[in-house]
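The chain contents come next:
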Amino acid sequence: MDLHELSLQQAQELLRSRKISSEELTRAYLDRVQRLDPQIKSYVTVSGELALEQAREADQRIRTGEGSTPLTGIPYSAKDSLSTRGINTTCSSKILANYKPFYDSTAIRKLKLTNSVLLGKNNMDEFGMGSSTENSGFFTTRNPWNFDYVPGGSSGGSAAAVAAGLAAFSLGEDTGGSVRMPAGFCGVTGLKTTYGRVSRYGLIPLVSSFDTIGPMARSAYDVSLVLEAIAGHDPKDSTSRIEPVQIYSETLKKSENLRGLRVGIPKEYFVEGLDSEVDASLRTAIKQIESLGAEAVEVSLPHTQYAIPVYYLILFAEASSNLAKYDGIRFGLSERDGDGLLDVYLKTRETGFGAETKRRIMLGTFALSAGYYDAYYLKAQKVRTLIRQDFQKAFETCDALITPVAPTTAFRIGEKITNPLDMYLSDVHVVAVNLAGIPALSVPCGLSNGLPIGMQIMGPHLSEETLLRIGHMYQSQTDWHMKHPSCWND
Amino acid sequence: MSKKTKIQIDEKLVKEIASLARLALSKDETELFVPQFNDILNYVSILNEVDTDNVPPAYLSSANQSVTREDLIEESVPTDEFLSNAPQAKDDYVVIPRVHIEQ
């Protein structure tokens, strides 16, 4: 077995018994990145020297036996919207191409405390705006299963890196499906956490009221180990949840079946437009979950069709104000060859932002402008209440809800990029979760024409334990998460 | 988005929005955005179907919780680190171009 094929648990056992060192493991990953990433393009920055330094520190910790953790010495990557001290953090935007934060985001800092090893930063749609990574200011990431297809977005680089064995796990970020959708398209397991479960401190914001950091890995069990390390209250993020973090992996180990759980199947997610093979895979997966002892019932989320317009209106508005800070004054790109201050603003933002970012800033500026605020932003926030109430009602009778992650498998590079509205509609199954602030897990559940199909398991606030348990039990009965693209063996 | 706020986006409005957003747009971008904005705003207008008369807006994403902490003095970031990303800095200040332009 090659080193990149090890699960987190297997790698940790070999590290602790000193059969391998973190330095060897890290070199194996860096080698693969060097060989395969020129084609896959999942990394924006590879911090190889620092990674080897961190690996040697991890080896030291393991040797001296000073309390290693399940992630000590494990090489991982992070979406390039998570601030990393001294390492470029670009959000895949030209406007931040040379930006080096002087502090770590809390999630990265917590992983540093475990002595896990950061290999580098993953490509994404610029500032998280997109569903394919085609909106990256630098390049498009390829789907490891078929290089002509998108990996999904916006955390497409993270998903591709995990799927191709270029990182043992990755930290993604989900504003409106950005962890789950690429996880589904690339056949990896990804968790969108409850809003506030993981601190957003140091996460470069897209939509402050939707943004969540979540693990992407090869199994629900691996995801649970990462979540334990990064979750928890943080005085630096006033929206972070104060409830204690559970030891999710212990629950998974003890779990034997899903008896007593009731899962809802929202009928609005199984309608026209859903690919027949995706539909069939989901039906089979639901049967398997029933065979583990869960009861499946049909439920209704009647406002589902309004989730996309609500999501995008709120996104436009919040993103346009969040991106106002990129003005060429304190950090980032600065175009100073014009005449005076206003020219700096105009030229910096013209050169630094890509088309989709400009489009969304413009739409947000418009939706928030005098005379339109009530009609767009306020209206959207009211319908958001109704969408949230749909979920509350469903969770009165169900422990979790199961849907496809997307209506189809990955689409071709170039297929949707010229029609922004068409691209927005690919998020139809994932955005409602962010409007409600609830967690959702994306789990591989099939293949269609050689491309992965994803199942989404949603639950009430702070139900990560239940979602991971369902995912883990499903993965104990199926092997979709163990299937890999051909580049896995390269 | 009641009937009276239904709006047709044209080039003039796109230019006005760009100016508010401090974005310089090329002629091509301006022309491209006009039909795209109309499509998108037309699509989101389906929210008009929903009766929200007695529905409060949902600004917060999780349970309302007020968090307080002790007002302790902490070390802050050293000024030189803080300024390390500034395009131009001098004597602990960020340098900006002239604000007023003589016409």
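The structure this text deals with has already been given above.
One structure accompanies this document, and this report is about it. Since this is a predicted model, take the numbers as computed values, not measurements.

## What about the overall build of chain B?
Helix and strand counts for chain B come out as three helices and two strands. Seen in sequence order, chain B has helices and strands lined up from the N terminus as α-α-α-β-β. A buried classification covers 15% of the 103 residues belonging to chain B.

## Some details on the overall build of chain A
On a plain count of helices and strands, chain A comes out with 16 helices and 11 strands. For a compact globule of 490 residues, the expected C-alpha radius of gyration is about 23 Å, and chain A comes in at 21 Å, within 12% of that figure. The principal-axis extents of the C-alpha atoms in chain A amount to approximately 65 × 55 × 45 Å. The buried share of chain A, taken over its 490 residues, is 62%. Residue pairs in contact within chain A that sit at least 24 positions apart in sequence constitute 76% of those at least 6 positions apart.

## What about the interface of chain A and chain B?
Quite often, the size of an interface is put as the accessible area lost when its parts meet. Counting residues at the interface gives 58 residues for chain A and 44 residues for chain B. Listing elements by their share of the side of chain A that touches chain B, those giving two or more residues are α10 (307-322), α11 (341-352), α12 (355-368), α13 (374-397) and α14 (420-425) of chain A.

## Re α11(A)
Residues spaced three or four apart along an α-helix point in a common direction, a consequence of the helix completing one turn every 3.6 residues. End to end, α11(A) covers 16 Å across 12 residues, agreeing with the expected 16 Å (1.5 Å per residue, within 8%). Among the residues making up α11(A), those that are buried are A:Val344, A:Tyr345, A:Leu346, A:Thr348, A:Arg349 and A:Gly352.

## Regarding the environment of A:Glu277
Along the chain, A:Glu277 turns up in helix α9 (residues 276-291). For the pair formed by A:Glu277 and A:Ala11, sequence separation is 266 residues and the distance between their alpha carbons is 35 Å.

## Re α10(A)
With 16 residues, α10(A) extends 22 Å between its outermost C-alpha atoms, agreeing within 8% with the 22 Å of an ideal straight helix rising 1.5 Å per residue. Of all 16 residues in α10(A), 14 are buried, a share of seventy percent or more.

## Notes on the sheet that holds strand β6 (residues 212-217) of chain A
Residue and element names in this part refer to chain A. With mixed pairing, the 11 strands of this open sheet are ordered in space as β1-β3-β2-β4-β6-β5-β10-β11-β9-β7-β8. On the outer flanks of this sheet lie β1 (43-46) and β8 (295-299), each paired with one strand and no other. On average, each strand axis in the sheet is tilted by 30 degrees relative to the strand beside it, whichever way the strands run. Relative to strand β3 (residues 117-122), strand β2 (residues 75-79) runs parallel, the two sharing five bridges. Following the sheet pairing, Ala-78 is matched in β3 by Lys-121. The sheet strands contacting α9 are β7 (262-266), β8, β9 (400-404), β10 (440-448) and β11 (451-458), and the helix crosses β10 at an angle near 120 degrees.

## Thoughts on the nonpolar core
Counting residues in hydrophobic clusters, the biggest one holds 160 residues, and the most contacted among them are A:Val310, A:Leu313 and A:Ile457. Once residues lying within four places of it in the same chain are set aside, the contact partners of A:Leu313 are A:Ala367, A:Tyr376, A:Tyr377, A:Ala380 and B:Val44.

## With respect to the environment of A:Ala51
Residues and elements named next belong to chain A. Structurally, Ala-51 can be placed in helix α3 (residues 48-63). Sequence separation between Ala-51 and Gly-187 is 136 residues, and the spatial gap between their C-alpha atoms is 26 Å. Leave out the neighbours within four places in its chain, and Ala-51 touches Thr-26, Leu-30, Pro-75, Val-117, Leu-118 and Leu-119.

## Digging into the packing of α10(A) against α13(A)
Residue and element names in this part refer to chain A. Relative orientation of the contacting elements α10 and α13 amounts to 135 degrees, with a least axis distance of 9 Å. Considering the angle they form, α10 stands oblique to α13. You can see that α10 and α13 cross each other, and the crossing is left-handed. Between α10 and α13, the residues in contact are Ala-307, Val-310, Leu-313, Ile-314 and Ala-317 and Tyr-376, Tyr-377, Ala-380, Gln-381, Val-383, Arg-384 and Ile-387, respectively.

## A word on the environment of A:Gln305
Residues and elements named next belong to chain A. Along the chain, the position of Gln-305 falls in the loop between β8 and α10. On the neighbour-count criterion, Gln-305 (14 C-beta atoms within 10 Å) is partly exposed. Once the C-alpha coordinates of Gln-305 and Ile-470 are considered, the two residues, 165 residues apart in sequence, prove to be 27 Å apart.

Rules of the game
Along each chain, the written sequence defines residue order, and numbers are assigned to residues from 1. Here chains are named by letter from A upward and ligands by number from 1 upward, in the order in which they appear as written. Confidence filtering applies because this is a predicted model: local features only for residues at pLDDT of at least 70, side-chain atom pairs given and counted only at 80 or more, and all residues used for totals across whole chains, interfaces and linings. Runs of H or I in DSSP of at least four residues are treated as helices and runs of E of at least two as strands, each being numbered from the N terminus. In this scheme every C-beta is placed from the backbone, and a residue whose C-beta has 20 or more other C-beta atoms within 10 Å is buried, one with 12 or fewer is exposed, and one in between is partly exposed. With C-alpha atoms as the basis for the radius of gyration, the globule rule is written as 2.2 Å multiplied by the number of residues raised to the power 0.38. Contact between two residues is assigned whenever their backbone-derived C-beta positions fall within 7 Å. To estimate how far a helix should reach, multiply one less than its number of residues by 1.5 Å. A pair of strands is labelled paired if DSSP reports no fewer than 2 bridges between them. The angle between two axes is taken between their N-to-C directions and runs from 0 to 180 degrees, where each axis is a line fitted to C-alpha atoms and a helix contributes only its stretch in contact. Joining buried Ala, Val, Leu, Ile, Met, Phe, Trp, Tyr and Cys residues through C-beta atoms within 7 Å gives a set, and that set is a nonpolar core. Small angles under 35 degrees read as roughly parallel and large ones over 145 as roughly antiparallel, with 65 to 115 read as roughly perpendicular and the rest as oblique. Should the near helix be turned counterclockwise from the far one by less than a right angle, the crossing is left-handed, whereas a clockwise turn marks it as right-handed.

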